[in-house]
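Chain and residue survey
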Amino acid sequence: MAWAGTVLSAVALALGVWGMTIVDKAVKDINESVSAIEQSDPSGAAAPAASSQENSVKTAKFGESISFENGTSVTVSAPRVREFGPSSTISGQKGVVVEVAVTAGNETVTGATVMVNARQGQSEVPAVYDENVDGSIANDIRPGRTVKETYAFSADNADNFEVIVKPGFDYNEAVFTDS
């Protein structure tokens, strides 16, 4: 019983430290945003944008890479349609699967902040959870390293499909399409 308590306490401590790291990053991002607003022109005009990394949506075809100013890059494979097994959230139905690769540039990419979504036409496509599809980049990516994970979405075909990736809070969307 004592060992179980010790192990569970260690796990809780590690999760607490991880959570504080995420909150600290978010607070720093908010402070930078507030500073940018405070530095705006007295006439009310906004200050020039800090970088296109933070202020522009980037687009590419599936299989191509999108790079940001700090060297971080994202690639999304062409979508594949597959039928999911009994362990998935859409058991026996078809879904679309893509592989997302994030390569950290000269800064560590925090895995907990990598966001991946999909749209088909104008509609958001829900994620599919399955034992054979990870669907999340959970670890930090050190500079120069690449992490690849498979993501699945509840769509019965890949027509008019796009995948949106944000490698962190400091990045705008990287949008991948077939056109």
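Please refer to the structure placed before this passage.
Here we summarise the structure given alongside this text. (Residues numbered from 1 in each chain as written. Predicted model: local features only at pLDDT ≥ 70, side-chain atom pairs only at ≥ 80, totals over all residues. Heavy atoms only, no water.)

Focus on the sheet that holds strand E10 (residues 174-177)
For the record, the criterion: Strand pairing is assigned whenever DSSP detects at least two bridges linking the two strands. Only runs of H or I of at least four residues qualify as helices and only runs of E of at least two qualify as strands under DSSP, and these elements are numbered from the N terminus. Think of each axis as a best-fit line through the C-alpha atoms, taken over the contacting stretch in the case of a helix, with angles from 0 to 180 degrees between the N-to-C directions.
A sheet is described by the order of its strands in space; here five strands give the open sequence E1-E10-E9-E6-E7, paired in mixed fashion. The open sheet terminates on both sides in strands that have one partner only, identified here as strand E1 (58-61) and strand E7 (123-125). Within this sheet the neighbouring strands show an average axis-to-axis angle of 30°, counted without direction. In this structure, strand E6 (residues 115-120) lies alongside strand E9 (residues 161-166), joined through six bridges in antiparallel fashion.

Considerations on the pattern of salt bridges
Side chains that carry opposite charge are capable of pairing whenever their charged atoms lie near each other. The condition that has to hold: Any Lys or Arg side-chain nitrogen located within 4 Å of an Asp or Glu carboxyl oxygen qualifies as a salt bridge. Burial here depends on accessible area, computed with a 1.4 Å probe over protein chains only, as a share of the maximum for the residue type. Under 20% is buried, over 50% is exposed, and the range in between is partly exposed.
This structure, assessed with the given rule, holds two salt bridges. Put simply, Asp130 and Arg82 hold a salt bridge, and the shortest N to O gap is 3.7 Å. Placement of the pair is Asp130 in the loop between E7 and strand E8 (146-153) and Arg82 in strand E4 (residues 80-83), with a sequence separation of 48 residues. With a shortest N-O distance of 2.6 Å, Arg119 and Glu162 are connected by a salt bridge. Of the two residues, Arg119 sits in strand E6 while Glu162 sits in strand E9, which places them 43 residues apart along the sequence. Accessibility expressed as a relative area gives 17% for Glu162, which makes it buried.

Description of the environment of Tyr129
Rule in force here: The contact criterion used throughout is that any non-hydrogen atoms of two residues lie within 4.5 Å.
One can find Tyr129 in the loop between E7 and E8. Overall, Tyr129 belongs to the exposed group, its relative accessible area being 52%. Here Tyr129 is in contact with Ser87, Ser88 and Thr89, once residues within four sequence places are set aside.

Remarks on the pairing of E9
The element E9 is largely enclosed, with a buried count of five among its six residues. Sheet analysis places E9 next to E10, joined by three bridges and oriented antiparallel. Bridge pairing in E10 places Val165 opposite Ala174.

Bear in mind that shape data such as this cannot, by itself, settle questions of function.
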